[in-house]
Amino acid sequence: MLVRGLRVGLLVGILSMVVAAVLVLAPAALGVGDANRGECPASTESSPGFRPSLPDCRAYELVTPPFTFGQEVAFPQAVSSDGSRFSFSSRGGFGEAGDNEVGEGALYVATREASGWNSISLDASATQFQGEFLWGNGESRDHNASLTEALLTLAPVGKRPIDFRYYRRQSDGSLVEIGPVLSPARVASWTPAEGPAQVLYLGASSDLSHIFFTPTQFGNVIPWFWPGDPTTSKFSLYEYTGIGNSEPRLVDIKRGPEEGKDRPSEHPSIITPCGAGLGGGSVYEQGSFDVYNAISSVPSSEQSRVVFFTAFASTRCQGPLIANELFARVAGARTVAISEPSSEDCEACDIGEAAQKEGPQNVEGLPEGAKFQGASADGSKVFFLSQQKLFGGTRGESGSNLYEYDFNAANPHRKVSLIASAMASAGGVVRVSEDGARVYLVSGAVLVGTGPNEFGAAPQVEADNLYVYDTQTGTATFIAALSPSDKEEWQLIDSRGPVQATGDGRYLLFGSVNKITPDAKGEASQLYRYDAQRTLAEETAGVPRLVRISIGDAKSNNGNNGAFDFTNTQAYTNQANARPTYVSMSSDGSRVFFESSGALTSQALNEVCVYEEEGECLGRALNVYEWEAGHVYLLSDGRDTHSINHTSGSSLVTADASGSNVLIRSDDPLVGQGHGETGQGFTYDVRVDGGFPGSAVPVGCVSECQMPGTASPSLGVPASVTFSGSGNQSFSSPQKKTAARIRAGTLARLLKQCKSKRKRHSRLVCEARARRLYEPLGGHSRSSGRSVRP
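Residues numbered from 1 in each chain as written. Predicted model: local features only at pLDDT ≥ 70, side-chain atom pairs only at ≥ 80, totals over all residues. Heavy atoms only, no water.

Caption draft 1: Broad picture of the overall build of the chain. Across its full length, the chain carries 9 helices and 41 strands. Counting only residues that meet the buried cut, the chain has 57% of its 790 residues in that class. Sequence separation of at least 24 residues holds for 60% of the intrachain contacts in the chain that already meet a minimum separation of 6. With an accessible surface of roughly 31500 Å², the chain has 53% of that area assigned to carbon and sulfur atoms. (Helix = DSSP H or I, 4+ residues; strand = E, 2+ residues; numbered from the N terminus. Buried < 20%, exposed > 50% of the residue type's maximum accessible area, 1.4 Å probe, protein only. Contact = heavy atoms within 4.5 Å. Areas by Shrake-Rupley, 256 points an atom, 1.4 Å probe, with all protein chains shown as cover.)

Caption draft 2: Broad picture of the pattern of salt bridges. The final tally for this structure, using the stated rule, is 24 salt bridges. With its nearest N and O atoms 2.9 Å apart, the salt bridge here joins R305 to E239. With R305 in the loop between β15 (276-278) and β16 (306-311) and E239 in strand β13 (residues 238-241), this pair connects stretches of sequence that are 66 residues apart. The buried category is assigned to R305, whose relative accessible area is 7%. With a relative accessible area of 6%, E239 lands in the buried category. The salt bridge partner of E538 is R506, with a shortest N-O separation of 3.4 Å. Of this pair, E538 sits in helix α7 (residues 536-540) while R506 sits in the loop between β27 (500-501) and β28 (507-512), placing them 32 residues apart in sequence. Bridged by salt links that share partners, the residues D56, R58, R591, E626 and E628 form one connected network. (Salt bridge = Lys/Arg side-chain N within 4 Å of Asp/Glu carboxyl O.)

Caption draft 3: The confidence of the model for the chain, seen in detail. Per-residue pLDDT for the chain averages 77, and the proportion of residues at 70 or more is 70%. A low-confidence stretch, residues 561-581 (pLDDT under 50), is modelled with 80 contacts involving residues beyond four sequence positions or located in other chains. Contacts of residues 699-739 to residues separated by more than four positions or lying in other chains number 101 contacts, the stretch itself having pLDDT below 50. (pLDDT = per-residue confidence, 0-100.)

Caption draft 4: View of unusual backbone geometry. The backbone phi angle of L147 is positive, close to 60 degrees, even though this residue is not glycine. With respect to the helices, strands and loops of the structure, L147 is situated in the loop between β7 (142-143) and β8 (150-156). By relative accessible area, L147 is classed as buried at 1%. Of note in the backbone geometry, N293 takes a positive phi value of approximately 60 degrees without being a glycine. Note on placement: N293 falls in the loop between β15 and β16.

Caption draft 5: The arrangement of the pairing of strand β17 (residues 325-330) in detail. β17 sits mainly inside the fold: 6 of its 6 residues count as buried. The alternating pattern of β17 places E325, F327 and R329 on one face and L326, A328 and V330 on the opposite face, and all of these are buried. Here β16 runs beside β17; their pairing, made up of 6 bridges, is antiparallel. From the neighbouring strand, F308 faces β17, where its bridge partner is A328. When β17 meets strand β18 (residues 334-337), the two strands line up antiparallel, connected through 4 bridges. When the sheet's bridge partners are listed, F327 is paired in β18 with A337. The turn linking β17 back onto β18 is made up of 3 residues, and A331 within it adopts a positive phi angle of 55 degrees. (Pairing = 2+ DSSP bridges.)

Caption draft 6: Here's a closer look at a negative patch on the surface. On the surface, D378, E434, D435 and D504 cluster together to form a negatively charged patch. Topologically, D504 is positioned in the loop between β27 and β28. On the accessibility criterion, D504 (34% relative accessible area) is partly exposed. (Patch = residues over 30% accessible without salt bridge, like charges linked within 9 Å, V, L, I, M, F, W, Y side chains within 5 Å. Lys, Arg positive; Asp, Glu negative; His and termini not counted. Charge placed at Lys NZ, Arg CZ, Asp CG, Glu CD.)

Caption draft 7: Highlighting the layout of surface pockets. The computed volume of the second largest pocket comes to approximately 320 Å³. What lines the second largest pocket is a set of 13 residues, among which R51, S53, Y60, D637 and R639 lie closest to the centre. Partitioning the lining of the second largest pocket into residue classes produces 6 nonpolar, 3 polar and 4 charged. (1 Å grid on protein atoms, 1.4 Å probe; cavity = no way out; pocket = protein on both sides within 12 Å on 5 of 7 lines; lining within 4 Å. Points joined across faces, edges and corners; volume = space filled by probe spheres on them. Nonpolar A, V, L, I, M, F, W, Y, C, P; charged D, E, K, R; others polar.)

Caption draft 8: Examining the nonpolar core more closely. Core analysis: the biggest nonpolar cluster contains 38 residues, and F308, L326, I338, V382, F407 and V416 have the highest contact counts within it. Looking at this core, the elements with two or more residues in it are β15, β16, β17, β18, β19 (371-375), β20 (381-386) and β21 (401-406). In terms of nonpolar packing, the next biggest core, distinct from the first, is built from 26 residues, A197, A204, Y240 and L250 among them. (Core = buried A, V, L, I, M, F, W, Y, C linked by side-chain atoms within 4.5 Å.)

Caption draft 9: The arrangement of the packing of aromatic side chains in detail. Scanning the entire structure with this criterion turns up 20 aromatic pairs. Here the aromatic residues Y166, Y201, F213, Y238 and Y240 are joined through ring pairs into a cluster of three or more. Looking at R186, its charged tip hangs above the ring of W224, at a distance of 4.5 Å from the centre. Of note, R431 hangs over the ring of Y292, and the distance from its end group to the ring centre comes to 4.8 Å. (Phe/Tyr/Trp six-rings, centres within 6.5 Å; stacked < 30°, edge-to-face > 60°. Lys NZ or Arg CZ within 6 Å of the ring centre and 35° of its normal.)

In structure tokens form, the structure reads like this:
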């Protein structure tokens, strides 16, 4: 009987292998609505991550290490344009992470190599660097555009624990110092009783050659400014250029005779002592909180480099400004008034104190000032909202007016132009294209020259009318009317707008509960793509400008019926709605990626609960989809019903510019082998023509490490570290690791803030986000909550 059982088992095993081979070798026959090409590369079809149902000959590749020592891998900070590198953080000590002191965990870059993905730790060793006394230190790390260099904020061992400096980790792994965070005098006078320095890193140019930060103090005392800084309010804006600096430069410098003086020690003449913020204000208490292209990308000439900033008006300091005003610092040498232009820049503008005092007031009782709304990547065009009267007849009583300042205007005396009036409340700019050619906006006015869209809908007064404005022709086109409940879709949230556009602004991706296209029905939030540049041939052929993206793969599954009603969920952050997350559209607009708890394909999960509390479902399993050429395809496996920190174990992370690489998170083993752990959320690349042969998986960096893109390996942090002015340093023993204590304190503080929210759903969203970022693995304080596995 035993021998017979073995024979039967062997026969079943052979049949299973044959079936598996058929599945691999016949993708066209099994993929419903399959977008696979006629024949996929042999290396892809033979890889464990290949699935016949995936479109475009895609295959799963495990990007993050298969073992992370029980620690969750956080979503990436950045992804390279070609999809070959992405950065993430984790408290798992793999890849030579060493004794990391940052509460958010060690910083890594994962690089795709011939045999698999390799994760390299970018953090410096605790034998050389120490410290926990910089507030928000985990946010003080960044990358250049190609992810081959990194910005780190470190305090050397042997120095005072407050003595943080900015370093650039170069592609060969060496560190060069950019400049100190605090002045030597402030470092010398500091005592541990004062706590961490409140200095926030704000951003950098794409090559890390220019970095911006602000010292601040959430109290009545201002102890962190550099000596000589005349700012008397809470915020001041600093810049470092290049490496080897001993003192930062102030950005908010006046025009005039003192323009050569911009260092605090030179006692420069600044615009206002009330402080300044990058873009519209960023993390500040006032302003528009928008920093989109506030730092121009690396131009062909340093002379054309532009930084946009807001100079604040406040009742708490004696400043000359009546309202917040927008300025530009050009090449670090001259300052241009943007929102209150000179007569040389705008001969028709009506400027003055009387004009500034008109209109609504802010929370301090001051007139509403200018609000930065974005700029072109090269800084040649900038867009701002203002309540004040810049031109005769435009006062903005019914809402802010939108203006454009063009450095390259044909007429140098007409650099400012009015784009639209009666902008929707709380900011009406949806997206500015990277080249500045198009601006998508929401206005309550019927703009001149606009008429009905292709479906016969027309703009209405005081409605949320969505338009696209062409800055080359000066014309606006009506797209659709949005619902008041769509505000979270198009308004700025946490310095990032959910709506996305391609670089040239041709395609816009946005969500709405309104039935914008004829095929949209029901109460679900739908995802739409708009084409601002439909060709004559496409128009003749009847190709619509507006198409609904969140559709199904068959007539019986069209994205409208109740089986996948996107709003029928209490999932945290409401992710079940069809909306973009991070990068969700390819640069040419041909591919769109989104997630939903509803089943849009036959293989997908449909409204499966993964976490419930007190009998109420608070987290549903998400499916990741790709839309291409009018069809929707499932990119996740349609099986992951894990719960990670009360949310779906499967989700969309981001995509590269081409859409060939789509990063998703899943707790399922998608490459034919178990990763040994659950509950961490591993990152996979769903890659066109992807896959690795055999059982290739990420192995991490187990010996010598280097930044991606280098020719030969070097130690993660070399023995020779370049410091400005003092050469190599000797270091004492490392300080005690305190990451867990930092995270616990941060979590407690955030949860306390969440309790102040009146609405239960908002409170749950807030708590889930805090726990996802800072709670120890598997821990949560609600004994009544439980994960649900069908």
